[in-house]
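# Geometric and topological summary
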There are 2 protein chains.
Amino acid sequence: MSDLRATAIAHPNIAFIKYWGNRDDDLRIPANGSLSMNLAGLETRTTVEFDADLKRDELTVNAAPANEAARLRASALLDRVRRQVGMAAWARITSANNFPTGSGIASSASAFAALALAASRAASLELGELQLSILARTGSGSACRSIPAGFVEWRPGDSHETSFAESIALPAHWDLVDLVAVVSRTHKHTGSASGHRLAGTSPLQAARLEDAPRRLAACRAALLARDFEAFAAVVELDSHLMHAVMMTSSPALLYWQPATLAVMQAIAALRSGGLPACTTIDAGPNVHVLTLANHRQAVQSALESIPGVQDILICPPGGPARLA
Amino acid sequence: MSDLRATAIAHPNIAFIKYWGNRDDDLRIPANGSLSMNLAGLETRTTVEFDADLKRDELTVNAAPANEAARLRASALLDRVRRQVGMAAWARITSANNFPTGSGIASSASAFAALALAASRAASLELGELQLSILARTGSGSACRSIPAGFVEWRPGDSHETSFAESIALPAHWDLVDLVAVVSRTHKHTGSASGHRLAGTSPLQAARLEDAPRRLAACRAALLARDFEAFAAVVELDSHLMHAVMMTSSPALLYWQPATLAVMQAIAALRSGGLPACTTIDAGPNVHVLTLANHRQAVQSALESIPGVQDILICPPGGPARLA
């Protein structure tokens, strides 16, 4: 690898305690702390190559030129790197996901985590995990959680320097598995970044935030104790609270589709029958079904029988962002 | 009609500003004021006949003996009537709906409105509309709104005597029509009465209530001005707020089914395209689609093409509870 080129790989993550709404929209300082798990098997692979001959940053995503908004967003992260090392060259960025983009599987998280690592290394900037997490956060808030390994907590902080994510348990801590029931592959109408700006228009956001530290503590405790029942209760509540805020924003954001409800109802029925399984949903229609590894097959069979479930992605806890 | 026998008819109602949660569960003094429209075409017809030979009150609903909980609930309303007139006889109650029971079409509202009117008249108790509304409320909160005509507001009050509903506009005021998209005819798991007791377990109920007077005023103003756009915005927000509280209660109440979402999404798309239509959902999976009479056919055609919509009930504004 030359000094001006690096390739990094990062996983998306699924939030158990959600991030929705910022204290500072530009810096992406979140209104509440959040907690997530990296998703092994799903990844973004990104190469950054600085090249003095380029006239501007170039961005290719999944083998096609990215739109201008995406290019400028990536370019802004590179500007932070260039400023730190005093570099002037533009870069060629090539990024690819092995999972559907823009449908609630947090592709921006893995994308900006991989970009932060690849760009800093290509510029010969050696950042520690904490600094990498801060850099990734400036591109997409939840990207800060895709830098550390396994189960990750984002300390919200109150400034650029104090808002970053840390691992609270490594992947081997708990044999949790996320079965992502894909019910749509179309790009969502309202992306997360603009959605966050709407959170404050809901009459429910303040109440959601007020109770957030309690939920975060309950989720962290359940996770560390490997207590699935307590974990499921707080994870489903937290997901419903975020969607409650979304659907009562102005304009309303209703990310759920009919098959989303079919999966939620089916899993609720399974849990009533004693199976350890629960659901959580990000800003999109797909449903993340969480269970324990030794119940994976039963949950998978149930999901396969639900009309509208197009695909099932199976993700154990994933490692940190890393160089290729 | 003999002195000891009377038959009354009442319509169910659809709430535009919802009732969810009580200040006093036993008396059904609501935590917030609400606003509704009676549904013409749908009705409960109830006959009450006091008979000195009976050993207890008897209740037949839709030609079958009612369960004991329903019988005792009806009996409690009759006790209030008996106490007022000093009567000792038990009664034979025969009630029938011309619409599906227990699936979010507020059958308890029309049932207790018809029962209040039939029971008081059979006991030769002449109650004014306000007193009838109070009596009906003791059986089922929203039943108080099925006593007056047309568009009705429930003044929440803070005591038994001050909590009743009044008409704010007669049926002819606005050519609104409610197309009830029936997606399920099965009885819901958690009835409204026990659901109301869960409202306080949601971290969102206080915020919902705090904003309720603003929504009530906005809805009343839009209704009186026949401003569909303003009406639709506040009606959908209020429905989402109630379901937000329901789905974040402990235990969570998720009344929506896949076809519920299909209708919500389809109507949202129609409104984006300029058609005056919006949705509101009570404690069940069926979707009430509100539009103006001259757009009814377009909305009906759209609903007929949605998989999972089993039936469409078409309801203009309805009159008051009345004797048969």
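For the structure, check the block above.
Residues numbered from 1 in each chain as written. Chains lettered and ligands numbered in written order. Predicted model: local features only at pLDDT ≥ 70, side-chain atom pairs only at ≥ 80, totals over all residues. Heavy atoms only, no water.

## Considering the relation of the copies chain A and chain B
This is how it is decided: Superposition of the copies was done by least squares, using only C-alpha atoms of residues whose pLDDT is at least 70 in both. Pairs of residues are marked as contacts when any of their non-hydrogen atoms sit within 4.5 Å.
Mapping chain A onto chain B calls for a rotation angle of 180 degrees and an axial translation of 0.0 Å; the resulting RMSD is 0.0 Å. Taken together, these values place the two copies in the relation of a two-fold axis. Proximity to the rotation axis, assessed at the C-alpha, singles out P258(A) in chain A; its C-alpha lies 1.9 Å from the axis. A share of 100% of the interface residues of chain A reappears at the interface of chain B, consistent with the copies meeting face to face through the same patch.

## A few points about the sheet that holds strand β12 (residues 176–182) of chain A
Residue and element names in this part refer to chain A. Rules: Any two strands between which DSSP finds at least two bridges are classified as paired. Each helix is a run of DSSP H or I of at least 4 residues and each strand a run of E of at least 2, with the numbering of both proceeding from the N terminus. Axes here refer to lines fitted to C-alpha atoms; in helices the fit is confined to the stretch in contact. Angles between the N-to-C directions go from 0 to 180 degrees.
If you trace the four strands from one edge of the open sheet to the other, you get β13-β14-β12-β15, paired in antiparallel fashion. At either end of the open sheet lies a strand with only one pairing partner, and these are β13 (277–280) and β15 (311–315). On average, adjacent strands in this sheet sit at an angle of 25 degrees to one another, irrespective of strand direction. Direction of pairing for β12 relative to β15: antiparallel, over a ladder of five bridges. Across the sheet, residue D178 finds its bridge partner in β15, namely C315. Packed on one face of the sheet, helix α8 (residues 258–272) meets β12, β13 and β14 (287–292) and runs near 155 degrees to β13.

## So, helix α7 (residues 228–247) of chain A
Residues and elements named next belong to chain A. Let me state the cut-off plainly: Multiplying one less than the number of residues by 1.5 Å gives the expected span of a helix. The cut-offs for exposure are 20% and 50% of the maximum accessible area for each residue type, with area from a 1.4 Å probe on protein chains only; residues under the lower value are buried, those over the upper are exposed, and the others partly exposed. N or O atoms within 3.5 Å of each other form a polar contact, as long as, within protein, one can give a hydrogen and the other can take it, and as long as residues adjacent in sequence are counted only when both atoms are side-chain atoms.
For α7, built from 20 residues, the straight-helix expectation of 28 Å at 1.5 Å per residue is met to within 8% by its first-to-last C-alpha distance of 28 Å. Of all 20 residues in α7, 17 are buried; the element is thus mostly enclosed. Two to three positions downstream of the cap, the backbone nitrogen of E229 sits 3.3 Å from a side-chain oxygen, assigning the N-cap of α7 to D227.

## Observations concerning the interface of chain A and chain B
Many analyses report the size of an interface as the accessible area lost when the parts associate. Threshold: Two parts placed together each lose some accessible area; with a 1.4 Å probe, that loss summed over both constitutes the buried area. The working definition used for a salt bridge is a side-chain nitrogen of Lys or Arg within 4 Å of a carboxyl oxygen of Asp or Glu. Side-chain classes follow a simple rule in which Ala, Val, Leu, Ile, Met, Phe, Trp, Tyr, Cys and Pro form the nonpolar group, Asp, Glu, Lys and Arg form the charged group, and the remainder, Gly included, forms the polar group.
The partner chain B presents 19 residues to the 19 residues of chain A that form the contact. Together, the buried faces of chain A and chain B total about 1,900 Å²; carbon and sulfur atoms form 79% of this surface. The largest share of the area that chain A buries against chain B comes from L204(A), M247(A) and L254(A), three residues that together contribute 25% of it. Our count for the contact surface shared by chain A and chain B stands at zero salt bridges. Of all the secondary structure elements, the ones that give two or more residues to the side of chain A that touches chain B are α5 (205–210), α7 and α8 of chain A. When grouped by side-chain class, the residues that make up the side of chain A that touches chain B number 13 nonpolar, four polar and two charged.

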